[in-house]
Protein chains: 2
Amino acid sequence: MITDRFIEKIVETQNPTCVGLDTAFEYLPEEMRAGVTDFRGAANAILTFNRNIIDSVCDIVPSVKVQIAYYEQYGEAGMETFRKTCAYAKEKGLIVITDAKRNDIGATASRYSAAFLGETAVGENRAAAYPSDMLTVNGYLGTDGIAPFLEDCNKYEKGIFVLVKTSNPSSGELQNLQLADGRTVYECMGDMVEQWGSGSVGKYGYSAVGAVVGATHPEEARVLRKRLPHTFFLIPGYGAQGGNADMVRACFAQGGLGGVVNNSRGILCAYQKRGGTYAQAAREACLDMKDDLLSVLGEICAK
Amino acid sequence: MITDRFIEKIVETQNPTCVGLDTAFEYLPEEMRAGVTDFRGAANAILTFNRNIIDSVCDIVPSVKVQIAYYEQYGEAGMETFRKTCAYAKEKGLIVITDAKRNDIGATASRYSAAFLGETAVGENRAAAYPSDMLTVNGYLGTDGIAPFLEDCNKYEKGIFVLVKTSNPSSGELQNLQLADGRTVYECMGDMVEQWGSGSVGKYGYSAVGAVVGATHPEEARVLRKRLPHTFFLIPGYGAQGGNADMVRACFAQGGLGGVVNNSRGILCAYQKRGGTYAQAAREACLDMKDDLLSVLGEICAK
């Protein structure tokens, strides 16, 4: 069960951190960018960068989140780098989250699910094009748009994270509106997530259907943590977006369980502030982030 | 201005139809599937099929909608077919809508927008990886997740369609909930769309920011058509999903303007019911659909 495995890796590393491989080409050191003039060259350089980051952090963090937009923009070369990045992270024992926020009607959602979580069959061959452990999805279409993902989660031991309260400044425009029944839109989405996960609760009490809850909105996080006891949180917004450990605390339950905090630029670009190689600086940033998170969460233990 | 061009093509063809290239490999005739055993083979066969469909219908319809999940599931080979399908449709003079329902925080949305609407720069080279005229997006994240798309729409004469009231059975679970202010969630999303489009209204009164409004929900469509006078509708759900011309009528304004109706399986798989070649059957299905739509809309004229 994927969330159980995830929690065990978090306890093992004592680091509820997800390294966000939102690897913009501009993030790479100048010497890696020099002379690169096409999508293929950019994609190759990003793959080298990602592999070195993964090598440097894979023993101290449980997971990576690979944001697909940063790869798709380089066409098939970028998608190849995306696929190889996910495969390399998996090879190194990391939980791989594809951040693609996919959503569509059932028939089409089943294709997205086949691409990332399940498998696509051609003749006798069956494979996922972009194998991932977990996938972010958008629940605006309701249950029948989520059902195909749930089916594959169940069949292939995968998980999803549904957008509930996102980290961006405008997230409240829709998400914080109050419904006639007294709930907010994000609470309503959270309730659907808890419902979608009700069939897959693992041994630590969390289901395979997680929620994206931004570190930048601690009030809402507090409400959601209490309201969604079986929902594991993917928490973006720490670092460059303004979230800090104190704000993140609201996303966690007793024993420091219940979520994983993503950091992208703060890790990938750490070398720009710290000096040294980007790989070494990324490792130091992960260790600092661990200390920062544990200073408010205490020792993380799965009961 | 993209929506003006779109409307002119609709008037010219007298056919507010969008051919949905949601080309599942299973839709292909048996002889095209025989002996295909890998993603590359499947992707190549789909490209051949798509090109023949496009050749057969490009003089009688204004647009195609290419649903990216059906390509992504075949990895880079599939994405190549997706890219070449879009390019071929564009070459044949069709308006190309990429149906990808993308959504993310601003910094990431700008990458998606670069992939489909704008451009990605590497060295001196600047290009979009997957050039499209219009892109479907999901507005759950609010204004700052939409802003990068609006910027590129403006800069490159492109357009977007935001999910407002989707065609699937569960769409009401969130979208039809009533807010404390009396609006439904879909009305609220519609109001945001109208606002996002306020800076780009073209000469026929419609902006570059359209809305996805399902043919399967005529009550909601009627409300939205009235409420969003400057918003052009992309209307899925006709045919296989249960929508018909009578239901679609609610999406259109005076003169038969205001939207375009998508049909995927009903066109791609027409040969299975009609016999003959798939390309010829697709053409006949498009002509029948035109007759069906015009029987309720009357002559389409842009004033």
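Residues numbered from 1 in each chain as written. Chains lettered and ligands numbered in written order. Predicted model: local features only at pLDDT ≥ 70, side-chain atom pairs only at ≥ 80, totals over all residues. Heavy atoms only, no water.

Draft legend 1. Main features of the overall build of chain A. For chain A, the count of helices and strands is 14 helices and 10 strands. Over its C-alpha atoms chain A spans a radius of gyration of 18 Å, differing by no more than 12% from the 19 Å that the globule rule assigns to 303 residues. Referenced to the eigenvectors of the C-alpha coordinate spread, the extents of chain A come out at roughly 60 × 55 × 35 Å. Per-residue burial over chain A gives 65% buried out of 303 residues. Sequence-distant contacts, at least 24 apart, represent 72% of the contacts inside chain A between residues at least 6 apart. Approximately 10000 Å² of chain A is accessible, and the part contributed by carbon and sulfur atoms is 48%. (Helix = DSSP H or I, 4+ residues; strand = E, 2+ residues; numbered from the N terminus. Rg over C-alpha atoms; globule rule 2.2 N^0.38 Å. Buried < 20%, exposed > 50% of the residue type's maximum accessible area, 1.4 Å probe, protein only. Contact = heavy atoms within 4.5 Å. Areas by Shrake-Rupley, 256 points an atom, 1.4 Å probe, with all protein chains shown as cover.)

Draft legend 2. Quick peek at the sheet that holds strand β6 (residues 134-137) of chain A. Residue and element names in this part refer to chain A. Judged by pairing direction, the barrel is parallel, and its eight strands sit side by side in the order β1-β2-β3-β6-β7-β8-β9-β10 before closing back on the first. Taken over all neighbouring pairs, the strand axes of this sheet differ in orientation by 30° on average, direction set aside. Where helix α7 (residues 143-156) meets the sheet, its contacts fall on β3 (95-102), β6, β7 (159-165) and β8 (209-213), and the angle it forms with β7 comes to roughly 145°. Sitting on the sheet, helix α9 (residues 185-196) touches β7 and β8, and the angle it makes with β7 is about 165°. (Pairing = 2+ DSSP bridges. Axes fitted to C-alpha atoms, helices over the stretch in contact; angles between N-to-C directions.)

Draft legend 3. Up close: the sheet that holds strand β3 (residues 95-102) of chain B. Residues and elements named next belong to chain B. Taken in spatial order, the eight strands close into a barrel running β1-β2-β3-β6-β7-β8-β9-β10, and their pairing is parallel. When the angles between neighbouring strand axes are averaged without regard to direction, this sheet yields 30°. Of the strands in this sheet, β2 (63-67), β3, β6 (134-137), β7 (159-165) and β10 (259-263) are in contact with helix α1 (residues 2-13), which crosses β3 at around 125°.

Draft legend 4. Fine view of the interface of chain A and chain B. The interface of chain A with chain B comprises 71 residues on the first partner and 71 residues on the second. The contact between chain A and chain B buries some 5700 Å² in all, and 54% of this surface belongs to carbon and sulfur atoms. Among the residues chain A hides against chain B, the three largest losses belong to Glu76, Arg111 and Tyr140 of chain A. Together they make up 15% of the total. In this structure, the connection of chain A to chain B is made through eight salt bridges. A salt bridge links Lys101 of chain B to Asp104 of chain A; its shortest N-O distance comes to 2.8 Å. Linking chain A with chain B are 39 residue pairs in polar contact (both at pLDDT 80 or more). Ranked by the residues each element gives to the side of chain A that touches chain B, the list is headed by helix α6 (residues 106-116) of chain A, at seven residues. (Buried area = accessible area lost by both parts, 1.4 Å probe. Salt bridge = Lys/Arg side-chain N within 4 Å of Asp/Glu carboxyl O. Polar contact = N/O pair within 3.5 Å; in protein donor to acceptor, adjacent residues only side chain to side chain.)

Draft legend 5. View of the relation of the copies chain A and chain B. When chain A is fitted to chain B, the residual RMSD is 0.0 Å, and the transformation amounts to a turn of 180° plus an axial shift of 0.0 Å. On the angle and the small slide along the axis, the relation comes out as a two-fold axis. Comparing interface residues between copies, 100% of those in chain A also lie at the interface in chain B; the contact surface is shared. (Least-squares fit on C-alpha atoms with pLDDT ≥ 70 in both.)

Draft legend 6. Representation of unusual backbone geometry within the structure. One non-glycine residue, Gln14 of chain A, adopts positive backbone phi at about 50°. Position of Gln14 of chain A among the secondary structure elements: in the loop between α1 (2-13) and β1 (17-20). You will see that Glu157 of chain B, though not glycine, has its phi angle at about 55°, which is positive. Examined against the element boundaries, Glu157 of chain B turns out to sit in the loop between α7 (143-156) and β7. Owing to a relative accessible area of 46%, Glu157 of chain B belongs among the partly exposed residues under this scheme.

Draft legend 7. Spatial organisation of the state of the cysteines. Throughout the structure, instances matching the rule amount to zero disulfides over all chains. Of all cysteine sulfurs, the one in Cys286 of chain B lies closest to Cys18 of chain B, which takes part in no disulfide; the gap is 9.9 Å. (Disulfide = S-S within 2.5 Å.)

Draft legend 8. Inspection of the pattern of salt bridges at higher detail. As enumerated under the stated definition, the model contains 48 salt bridges over all chains in all. Measuring nitrogen to oxygen at the nearest pair gives 2.9 Å for the salt bridge that ties Arg183 of chain A to Asp191 of chain A. Looking at Asp191 of chain A, the relative accessible area reads 23%, which means it is partly exposed. Salt bridges sharing partners connect three or more residues here, namely Asp22, Lys65, Asp99 and Lys101 of chain A together with Asp104 of chain B.

Draft legend 9. How the structure looks around the pairing of β6 of chain B. Residues and elements named next belong to chain B. By the alternation rule, side chains of β6 split into Met134 and Thr136 and Leu135 and Val137, which are all buried. Sheet topology note: the β3/β6 ladder contains three bridges and is parallel. From the neighbouring strand, Arg102 faces β6, where its bridge partner is Val137. Judged from the four bridges that link them, β6 and β7 form a sheet pairing that is parallel. Paired with Met134 across the strands is Gly159, a residue of β7.

Draft legend 10. Seen up close, the packing of aromatic side chains. All names here are of chain A. Across all of its chains, the model carries 20 aromatic pairs over all chains by this definition. Here the aromatic rings of Phe6 and Phe232 are separated by 5.4 Å at their centres, their planes lie at 45°, and the arrangement is tilted. With Phe6 in helix α1 and Phe232 in the loop between α10 (218-227) and β9 (233-235), the pair connects residues that are 226 residues apart, well separated along the chain. Under the relative-accessibility criterion, Phe6 is labelled buried at 0%. Considering the side-chain rings of Phe49 and Tyr278, the 4.3 Å spacing of their centres and the 20° angle between planes classify their relative orientation as stacked. Here the residue Phe49 occupies a position in helix α3 (residues 39-57), and Tyr278 occupies one in helix α14 (residues 278-297), the gap between them amounting to 229 residues. Pairwise contacts between aromatic rings join Phe6, Phe161, Tyr206 and Phe232 into one cluster. Looking at Arg51, its charged tip hangs above the ring of Tyr88, at a distance of 5.5 Å from the centre. Here the guanidinium or amino end of Arg225 rests over the ring plane of Phe233, the centre of that ring lying 4.0 Å away. (Phe/Tyr/Trp six-rings, centres within 6.5 Å; stacked < 30°, edge-to-face > 60°. Lys NZ or Arg CZ within 6 Å of the ring centre and 35° of its normal.)

Draft legend 11. Local environment of the packing of α3 of chain A against α14 of chain A. Residues and elements named next belong to chain A. For the pair α3 and α14, interaxial distance at closest approach is 8 Å and the crossing angle is 45°. By the angle class used here, α3 and α14 are oblique. Helix-helix and strand crossings are classified by hand; for α3 and α14 the assignment is right-handed. On α14, the residues touching Thr48, Phe49, Asn52, Ile53, Ser56 and Val57 of α3 are Tyr278, Ala279, Gln280, Ala282, Arg283 and Cys286. Per-class residue counts for the contact of α3 with α14 are seven nonpolar, four polar and one charged. (Parallel < 35°, antiparallel > 145°, perpendicular 65-115°, else oblique. Left-handed = near helix turned anticlockwise from the far one by under 90°. Nonpolar A, V, L, I, M, F, W, Y, C, P; charged D, E, K, R; others polar.)

Draft legend 12. Highlighting the confidence of the model for chain A. For chain A, the mean per-residue pLDDT works out to 97, and 100% of the residues sit at or above 70. For this predicted complex, the interface score ipTM comes out at 0.97, alongside a pTM of 0.97. (pLDDT = per-residue confidence, 0-100.)

Draft legend 13. Focus on the nonpolar core. Counting residues in each nonpolar core, the largest one holds 224 residues, and the members touching the most others are Ile160 of chain A together with Ile160 of chain B. Sorting elements by how many residues they give to this core places α14 of chain A first, with 11 residues. Leaving out residues up to four positions away in the same chain, Ile160 of chain B has contacts with Leu117, Met134, Leu135, Val137, Ile146, Phe149, Leu150, Cys153, Ala208, Val209 and Gly210 of chain B. (Core = buried A, V, L, I, M, F, W, Y, C linked by side-chain atoms within 4.5 Å.)

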